[in-house]
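Chain by chain, the residues:
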Amino acid sequence: MSGWLVPAVVIAVIVIVFVIYLSMTAGRLDRLHHRVEAGFSSMDIQFLRRSGCALEAAESGVLDPATSLVLMEAAHNARAVPGDPIERAQMESDLTRVLAAAFGSTEDVNEIAESDDGSALIGDLSGSVHRAAMSRRFYNDAVRACRAVRRQRLVRWFRLAGSAPYPQSAELDDSVPAGLVDR
Amino acid sequence: MRVGIVCPYDWTAPGGVQVHVRDLAQALLEMGHEVSVLAPSDEETELEPYVVSAGRPVPVPYNGSVARVNIGPVSATRVRRWIRDGDFDVVHVHEPTSPSLSMLACWVARGPLVATCHSSVAKSRAMSAAYFILQTAVEKIDARIAVSEKARQTVVEHLGGDAVLIPNGVTCKHFASGSPLPGYPREGGTMLFLGRIDEDRKGLDVLLGAMPEIVAQRPDVQLLVAGPGDVEYVRRHLAPTIRDNVVVLGLISDADKVSAFKSVDMYVAPNTGGESFGIVLLESMAAGCPVLASDIDAFARVLEDGTCGALFRNGDSSDLARQALSLLADKPRRELLSDEGARRAEMFDWSTVARDVVRVYESVTAGGEKVQADLSGQTLGRLSRMGSDE
């Protein structure tokens, strides 16, 4: 009788440990997916705020008309394509280039910031470009951590990710304009 | 914004992380945020109104030394209760890789989580062995901050992923006012050295090596040497030609440090390496005292390659002597460096640092989700809940 009991207990223990491991990994993956989703919505909001601040700057009249016009168009374009990630990344990168041209020199930015309407405007804009850049970095960090777990063999074989889509990193240029770096 | 900050080390003990957390909390309060700090401390000690005690830390052996930490189910329960009652928009933990309250908070919290890494530590064997368990705690962190490039490297190697660099702050207003030491400022040129006098990489030898050349040109020059170490040994080993020009003060108080900056014509930082940032340079600049520093990377960065302070070739006593003499003879340049330095220090003021930290908070809290205590799906968590009194 004891001839089969020992191997049976050993197998049972191995199975139980294995199931606990799988359930812990599934829980871990669930938290990572949550982090990716939260990161994405933060990033989405921060980029919308950035283009919003850019629009405000363009409409405020503190910039010259040519800059205002280009900036307004770029900001509108970035806000016009919320559903298409690739198109949106392109438009946000374009907005970054316009912002870099408009706020590229510290002297110019200082001058705007010293005017009555300018100081709050520059403050808001600077905050929004810094936050947007950071939020993308944090989102991509979450994507990288999530992918590392999803690539594991056991995770793929046992389909622990369920129906959650494979996370995609956000690749675009969101560098902070030179004149706003230290603000 | 409601911010919960977790300090891993004994609140009443001296230490860089505690000072950082205190300065950050006060800067955030001044900005109008609501702040609660969870920190280990003795129950009897009187704490600031925004500090919540997590109980007395217990000494345990870890990583080759004895660490005083709060671990175990009782601490986990306290952290969980603090998070639940705090209703925080964001929880900010410090040093999440040390076995401490911070690690517990990562493990218990669900929602916007920010971590700051201060030190560069070698990966321990326990950290490699417990990688899986550690990951379940630290991979929930939404945003990582490093206080130095070295600390950032540690984050990349140990935790995976990147970190935003936000260096430590200086409280500029502490250095802006203060009166000189009695008998100062004096004529003839006065220089100041600060730092451990018997630690090679602080570079006192390089500076003393430059003194004969400086004294030969300016016989009335004086060098004040302040910092802990064997004062008598340094006094005895001064070359006879410079003995009358060097005053060894030994360890001085923080208040006297401010006075010392106000008493001299320049502060000299001859450090030969091992500096990741150079907070003392910024303190000197905030006090309006011009800086002459070795051209190591960290210092060149703080001094913007020489626009906010003078640089000399690292380890080169005769270059130090040349630069010091030219600066002592050039009052307009010293005044310019004093102005530029004060402007530069302002950029590292705690209010600026706190603004950058708040931007990190905002970039992970835009979803509007609050921090909740969460132990679901964590076997060890269920055990600790069974052990608690609820």
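Residues numbered from 1 in each chain as written. Chains lettered and ligands numbered in written order. Predicted model: local features only at pLDDT ≥ 70, side-chain atom pairs only at ≥ 80, totals over all residues.

This next bit is on the overall build of chain A. In terms of regular secondary structure, chain A is built from six helices and zero strands. Listing the helices and strands of chain A from first to last along the sequence gives α-α-α-α-α-α. The globule rule puts the C-alpha radius of gyration for 183 residues at 16 Å, and the 25 Å found for chain A is more than 25% above it. Principal axes of the C-alpha set define a box for chain A whose edges measure 95 × 30 × 20 Å. Buried residues in chain A amount to 36% of all 183 residues. Taking contacts inside chain A between residues at least 6 apart in sequence as the whole, the part at least 24 apart equals 76%. (Helix = DSSP H or I, 4+ residues; strand = E, 2+ residues; numbered from the N terminus. Rg over C-alpha atoms; globule rule 2.2 N^0.38 Å. Buried ≥ 20, exposed ≤ 12 C-beta atoms within 10 Å, placed from the backbone. Contact = placed C-beta atoms within 7 Å.)

Next up on the list: the interface of chain A and chain B. The partner chain B presents 20 residues to the 23 residues of chain A that form the contact. When contributions to the side of chain A that touches chain B are tallied by element, the ones reaching two or more residues are helix H1 (2–60) and helix H5 (118–150) of chain A. For the side of chain A that touches chain B, the element with the most residues is H1 of chain A, which contributes twelve residues. Among the residues forming the side of chain A that touches chain B, the class breakdown is seven nonpolar, eight polar and eight charged. (Nonpolar A, V, L, I, M, F, W, Y, C, P; charged D, E, K, R; others polar.)

All right, on to the packing of H5 of chain A against helix H15 (residues 350–365) of chain B then. Interhelical geometry of H5 of chain A versus H15 of chain B gives an angle of 60 degrees and a closest axis separation of 9 Å. Between H5 of chain A and H15 of chain B, the crossing angle belongs to the class labelled oblique. At the point where H5 of chain A passes H15 of chain B, the crossing takes the right-handed sense. On H15 of chain B, the residues touching Gly 127, His 130, Arg 131, Met 134, Ser 135 and Phe 138 of chain A of H5 of chain A are Arg 359, Val 360, Glu 362, Ser 363 and Val 364 of chain B. Across the contact of H5 of chain A with H15 of chain B, the residue classes tally to four nonpolar, four polar and three charged. (Axes fitted to C-alpha atoms, helices over the stretch in contact; angles between N-to-C directions. Parallel < 35°, antiparallel > 145°, perpendicular 65-115°, else oblique. Left-handed = near helix turned anticlockwise from the far one by under 90°.)

Attention shifts here to the sheet that holds strand S9 (residues 143–146) of chain B. Residue and element names in this part refer to chain B. The sheet built from seven strands is open, its strands ordered S3-S2-S1-S6-S8-S9-S10 with parallel pairing. In the strand order of this sheet, the two ends are held by strand S3 (51–53) and strand S10 (164–165), each with one partner. With four bridges joining them, strand S6 (residues 90–94) and strand S8 (residues 113–117) adopt parallel strand pairing. Looking at S8, one finds that Val 93 is bridged to Ala 115. Lying on the sheet, helix H1 (residues 16–30) is in contact with strand S1 (2–6), strand S2 (34–39) and S6; it crosses S2 at an angle near 160 degrees. Packed on one face of the sheet, helix H6 (residues 149–158) meets S8, S9 and S10 and runs near 145 degrees to S9. (Pairing = 2+ DSSP bridges.)

Attention now moves to the confidence of the model for chain B. Residue and element names in this part refer to chain B. Mean pLDDT over chain B stands at 87; residues scoring 70 or higher make up 93%. For residues 381–390, every residue scores under 50 in pLDDT, and the model assigns this stretch nine contacts once sequence neighbours within four places are set aside. Interface predicted TM-score (ipTM) for the complex: 0.78; the corresponding pTM is 0.78. (pLDDT = per-residue confidence, 0-100.)

Let's shift gears to the environment of Ala 67 of chain B. Turning to its location among the elements, Ala 67 of chain B is positioned in strand S5 (residues 65–69). Here the alpha-carbon distance between Ala 67 of chain B and Pro 99 of chain B, two residues 32 residues apart in the chain, equals 9.0 Å.

Next up on the list: the domain arrangement of chain B. Each assigned domain of chain B is listed with its residue range as follows: domain 1 (2–169 + 351–387) and domain 2 (172–346). Here the C-alpha centre of domain 2 of chain B lies 37 Å away from the C-alpha centre of domain 1 of chain B. (Domains from an automatic or database assignment.)

Residue and element names in this part refer to chain B. Spatially, S13-S12-S11-S14-S15-S16 is the arrangement adopted by the six strands of the open sheet, whose pairing is parallel. Lying at the two open borders of the sheet, with one neighbouring strand each, are strand S13 (246–250) and strand S16 (310–312). Taken pair by pair, the neighbouring strands of this sheet meet at an average axis angle of 25 degrees, ignoring direction. Bridging between strand S11 (residues 190–194) and strand S12 (residues 222–226) involves five bridges; their strand directions are parallel.

All names here are of chain A. In this fold, Gly 118 is placed in helix H5. Take Gly 118: there are 18 C-beta atoms within 10 Å of it, and that puts it in the partly exposed class. Considered as a pair, Gly 118 and Asp 30 are 88 residues apart in the sequence and their alpha carbons are 45 Å apart. Ignoring sequence-local partners within four residues, the contact set of Gly 118 consists of Val 62, Ile 112 and Ala 113.

The topology assignment puts Glu 369 of chain B in the loop between H15 and strand S17 (372–373). Look at Glu 369 of chain B and you get partly exposed, because 17 C-beta atoms sit within 10 Å. Taking C-alpha positions, Glu 369 of chain B is 50 Å from Val 268 of chain B, a pair spaced 101 residues apart along the chain. In this structure, Glu 369 of chain B is in contact with Ala 38 of chain A together with Gly 111 and Pro 112 of chain B, ignoring residues within four places of it in sequence.

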